[in-house]
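Residue-level structural notes
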Amino acid sequence: MTEHELKEAGPKRLASALMEKGALTSDWLPAFEAVPRHLFVPDTIWPGQAGMNRQDDRVARDEQPDVWWEAVYRDAPITTQWDNGEYTGPKKGRTPTSSNSMPTMVFSMLDALSAEAGHEVLEIGTGTGWNASLLSHRLGPDHVVSVEVDPATAEDARTRLNLAGFHPLVHVGDGAAGYPERAPFDRVIATCSVRSVPPAWRTQTRPGGVIVTPWGPTYGGEAVARLTVAEDGSASGPFVGSSAFMRISAQRKQLPPTSAYLDGEEWPGTGARSETELSPDSVGDWVHMFAIGVQVPDLFCRVEWGDDGAYRLWLMDTGVTSWATADYEKGRERFPVIQSGPRQLWDELEAAWRWWDNQGRPGFERFGLTVDDDGERVWLDSPDDLVPDRPVT
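Here the structure is a predicted model, which is why all the values come from computation and not from measurement.

1. Topic: the pattern of salt bridges
Counted under the stated rule, the structure contains 19 salt bridges. When the shortest N-O distance is used, the salt bridge between Asp 43 and Arg 61 registers 3.6 Å. A residue pair is termed long-range when its members are at least 10 positions apart, and Asp 43 in the loop between helix H2 (29-34) and strand S1 (44-49) and Arg 61 in the loop between strand S3 (59-60) and helix H3 (65-72) qualify at 18 residues. Take Arg 61: its relative accessible area is 30%, and that puts it in the partly exposed class. Among the charged side chains, a network of salt bridges with common partners joins Asp 298, Asp 317, Arg 343 and Glu 348.

Here it is, written out as structure tokens:
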């Protein structure tokens, strides 16, 4: 296949796929066509797999141009930086720190943003610059401000934006602080996830304005919140779909090591033994993790893999007071549980899961979020129906 044929097949094929999914709407199609994704993808990438929060190995454009092109025009995320640029090797680094997001997610979030002519838009997380370029095409670059924490990433994005003919303001700084110099904004969109919506995003948004941001609890699970800012500065709205974004740098998880919970002892130590009929494999979906994490906000987990798909699920609290394990093995109907400390963490997890089950197993679209100066509250179906913040065990 010639380079011309690759170019024609790639964008057109991706546009058709996105429109069939309903992610790319007719009003965003001109921007998609005018701002091709390949202009905003570096020559060295780690392609992702659609629907999975993991990356393949490195692909270099000069070594595998066809593979690089196919990765760019596949509906999947692309990791473009590991460990703040410190790792550039052939495999993968420890932590992905910049990416070009999955096209379905890009255009779904832009659609949720409802940006119109004349709107002033603040983007948190410039990344490669593709999202900022799409907004610039739609609204005009003078109406777009993008904040990027990493200076090298910001400079690369500026270069790509300028080569594409766009000159929005790209500011190097902490995205959690927003950009007060150009506030108030009509729209705020984050291309990174948060555990807590930074107050600056609300105070820098006009009443009636919209904030679109991925949001997720410490335990895991994440969805895109569409929040409307009220006259009193609070913000509230529904979740509009699942997501899996890198955390904003100021809120990246710094979780204690497993060894901190065992006091020098070997597992299981003095932990209390029991069994459960609830399989650890039945509580691990993205929406399960979301519902559990909302109710037990200081809970996190790790997985220790065994043979033939068996594994041990570790549960720990961020205060380093308690831990629990639940062992999964195919074919079992009851599963061993060990719990240690003043809290019974498996019991808390199971109670949270059963609350979700008793509500009819709601998907993300039934949940919503309210944020104000008193904190954040997740609700189900209505802002008046709050999700319990501590399950009854």
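Still more to cover.
2. Structural notes on unusual backbone geometry
Residues Ala 183 and Pro 184 are joined by a peptide bond in cis, for which omega reads 5 degrees. Here Pro 184 is to be found in the loop between strand S8 (169-172) and strand S9 (185-190). With an omega of 10 degrees, the peptide bond between Trp 267 and Pro 268 qualifies as cis. Note that Pro 268 resides in the loop between strand S12 (235-242) and strand S13 (272-276). Residue Ser 114 is not a glycine yet carries a positive backbone phi of 55 degrees. One non-glycine residue, Asp 381, lies in positive phi territory at about 75 degrees.

3. Digging into the environment of Val 287
Structurally, Val 287 can be placed in helix H8 (residues 286-295). Take Val 287: its relative accessible area is 15%, and that puts it in the buried class. Residues Val 287 and Arg 361 lie 74 residues apart in sequence; the distance between their C-alpha atoms is 9.1 Å. Contacts of Val 287, omitting those with residues within four sequence positions, involve Trp 356, Pro 362, Gly 363 and Phe 364.

4. Observations concerning the packing of aromatic side chains
A full pass over the atoms with the stated rule returns 16 aromatic pairs. Measuring from ring centre to ring centre gives 5.8 Å for Phe 107 and Trp 130, while their planes differ by 85 degrees; the resulting arrangement is edge-to-face. One end of the pair, Phe 107, is in helix H4 (residues 103-113); the other, Trp 130, is in helix H5 (residues 130-139), and 23 residues separate them in sequence. Overall, the relative accessible area of 0% leaves Phe 107 in the buried class. Residue classification places Trp 130 among the buried positions, given a relative accessible area of 3%.

5. Concerning helix H6 (residues 151-163)
Counted at 1.5 Å a residue, the expected span for H6 with its 13 residues is 18 Å, and the 18 Å between its end C-alpha atoms agrees. Along H6, the residues classified as buried are Thr 153, Ala 154, Ala 157, Arg 160 and Leu 161. Buried residues of H6, viewed axially, fall in a sector of 125 degrees; they line one side. Turned more than 90 degrees away from the buried face of H6, the exposed residues are Pro 151 and Leu 163.

6. Some remarks on the packing of H8 against helix H9 (residues 345-358)
In contact at an axis separation of 9 Å, H8 and H9 are set at 115 degrees when each is read in the N-to-C sense. Crossing handedness for the pair H8 and H9: right-handed. Counting all contacts with H8, which are made through Val 287, His 288, Ala 291, Ile 292 and Gln 295, the residues of H9 involved are Leu 349, Ala 352, Trp 353, Trp 355 and Trp 356.

7. Let's talk about the sheet that holds S13
Here we have 5 strands laid out as an open sheet, ordered S13-S17-S16-S15-S14, and antiparallel in their pairing. Each edge of the open sheet is held by one strand with a lone partner, namely S13 and strand S14 (299-305). Mean inter-strand twist for the sheet, computed between neighbouring axes without regard to direction, equals 20 degrees. Of the pairings in the sheet, the one linking S13 to strand S17 (residues 335-340) comprises 5 bridges and is antiparallel in character. Looking at the pairing, Arg 273 lines up with Ile 338 of S17. Its contacts with the sheet put H9 on S13, S14, strand S15 (311-317), strand S16 (323-328) and S17, and the angle it makes with S15 is roughly 95 degrees.

What counts and how
- Residues numbered from 1 in each chain as written.
- Predicted model: local features only at pLDDT ≥ 70, side-chain atom pairs only at ≥ 80, totals over all residues.
- Heavy atoms only, no water.
- Salt bridge = Lys/Arg side-chain N within 4 Å of Asp/Glu carboxyl O.
- Helix = DSSP H or I, 4+ residues; strand = E, 2+ residues; numbered from the N terminus.
- Buried < 20%, exposed > 50% of the residue type's maximum accessible area, 1.4 Å probe, protein only.
- Contact = heavy atoms within 4.5 Å.
- Phe/Tyr/Trp six-rings, centres within 6.5 Å; stacked < 30°, edge-to-face > 60°.
- Expected span 1.5 Å × (residues − 1).
- Arc of directions from axis to C-beta.
- Axes fitted to C-alpha atoms, helices over the stretch in contact; angles between N-to-C directions.
- Left-handed = near helix turned anticlockwise from the far one by under 90°.
- Pairing = 2+ DSSP bridges.

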